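Residue strings, one per chain:
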Amino acid sequence: MMRPTFAPFPLARSRRLRRNPMIRNLVAESRLTPADLIWPIFLRDGNNTHEPVASMPGVDRLSVDLAVDAAHEAAELGIPVMALFPYTDPSLKTPDCQEAWNPDNLVNRATRAIKAELPEMLVMLDVALDPYNSDGHDGLVRDGVILNDETLEALERQALVQAEAGADILGPSDMMDGRIGVIRRALEGHEYSDTMIMAYSAKYASAFYGPFRDAVGASGALKGDKKTYQMDAANSDEALREVARDIEEGADMVMVKPGMPYLDICQRVAGEFGVPTFAYQVSGEYAMIAGAAENGWIDGDKAMLESLLAFKRAGCAGILSYFAPRAARLLGGQATK
Ligand code: PBG
């Protein structure tokens, strides 16, 4: 960037451009709109049933009919994508994770129900085995080892039934090597060439996923940690290599996860590759803001909007956030700061 010589004070006064909302909005470098948001929700069995997630104040697990209501709400608020996550009954969790490719599992049923009423609403599904795995891991486990190549076959089956159910965007979140290429080729081979892939490319082994694992009922099952496949928090160059590989294998969009503690990664990835880059403001980040707000320690609405705008400033195209409906309501469906 060309750096002009700035006029000295008092000829230059930065505060001229901060005097009122009109001028501040005029010169704003980034904006947050409901169109930037992806709303992740949790599903459960039953009818007309919702159940609070203790560690995520304001977030419920919803039965499929209530998930369809939520999709209507999203559409009215201008939110373009719903991401669906299942709370799977423990009796359906097995070491081979076969519930993951059951065409009638919870996420596939919910996808069909949402697309039947709201064909325009984009539905995103996670491709990973953890909600269905009695070991709680994202991959198949043998003798305590998470198996890469065997897991790829399972992910391929899971991805195909999800595409068949009508999912618009698949989000491989498992961090197995080679999964984007395997899934992309399977989709092309089965006439799902329009199905998009948003790769969880730079996904870190993070303590901020705790409340999510409660929400999907994976905390109890998980033995050990996910550090042999999710990334080390110390690394940044490695994130660029992961993203490069996923793009080469056929990802349409990439993601950095968690969000706020990894804003540096968001900025590097978005700047380096110029592909649509998303941040996942994860469950622990939600819990921190919502919990502090509940206690009256911070202004929850303002902190939430500030945190979401930060991702836009870092160069992200959009954000997955449990705050999506609340943020969209505050933004009034309008492009505003
Ligand atoms: C599972 C998955 C996780 C999240 C999204 N998909 C958890 C994990 O990897 O343990 C976390 C989302 C959140 O914390 O909000 N593959």
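Residues numbered from 1 in each chain as written. Predicted model: local features only at pLDDT ≥ 70, side-chain atom pairs only at ≥ 80, totals over all residues. Heavy atoms only, no water.

Draft legend 1. How the structure looks around helix α7 (residues 237-248). End to end, α7 covers 17 Å across twelve residues, agreeing with the expected 16 Å (1.5 Å per residue, within 8%). Along α7, the positions that sit buried rather than exposed are Ala239, Leu240, Glu242, Val243 and Asp246. One side of α7 carries all its buried residues, which in axial view fall inside an arc of 160°. The secondary structure elements touched by the buried residues of α7 are α5 (179-189), β9 (196-203), β10 (253-257) and α8 (263-273). Of the residues trailing α7, Gly250 is marked for its positive phi of about 115°. (Helix = DSSP H or I, 4+ residues; strand = E, 2+ residues; numbered from the N terminus. Expected span 1.5 Å × (residues − 1). Buried < 20%, exposed > 50% of the residue type's maximum accessible area, 1.4 Å probe, protein only. Arc of directions from axis to C-beta. Contact = heavy atoms within 4.5 Å.)

Draft legend 2. Main features of the packing of helix α4 (residues 148-165) against α5. For the pair α4 and α5, the least separation of the axes is 9 Å and the interaxial angle reads 45°. As judged from the angle between their axes, α4 and α5 are oblique. Like other packed secondary-structure pairs, α4 and α5 cross with a definite hand, here right-handed. Across the interface between the two elements, Leu152, Leu155, Glu156, Ala159, Leu160 and Ala163 of α4 pack against Arg179, Val182, Ile183, Ala186 and Leu187 of α5. Class assignment for the residues of the contact of α4 with α5 results in nine nonpolar, no polar and two charged. (Axes fitted to C-alpha atoms, helices over the stretch in contact; angles between N-to-C directions. Parallel < 35°, antiparallel > 145°, perpendicular 65-115°, else oblique. Left-handed = near helix turned anticlockwise from the far one by under 90°. Nonpolar A, V, L, I, M, F, W, Y, C, P; charged D, E, K, R; others polar.)

Draft legend 3. α5, seen in detail. Across the eleven residues that make up α5, a large majority, eight, are buried. Residues Arg179, Ile180, Gly181, Val182, Ile183, Arg184, Ala186 and Leu187 constitute the buried set of α5. Along its buried surface, α5 packs onto β5 (122-127), α4, β8 (169-172), β9 and α7. At the C-terminal side of α5, Glu191 shows a positive phi close to 65°.

Draft legend 4. Spotlight on the packing of helix α10 (residues 300-313) against helix α11 (residues 324-331). At a minimum axis distance of 10 Å, the contact between α10 and α11 shows a crossing angle of 95°. Here α10 is positioned roughly perpendicular relative to α11, judged by the angle of their axes. Residues Gly300, Asp301, Met304, Leu305 and Leu308 of α10 pack against Arg326, Ala327, Leu330 and Leu331 of α11. Across the contact of α10 with α11, the residue classes tally to six nonpolar, one polar and two charged.

It is worth stressing that arrangement in space is one thing and function is another; only the former is reported here.
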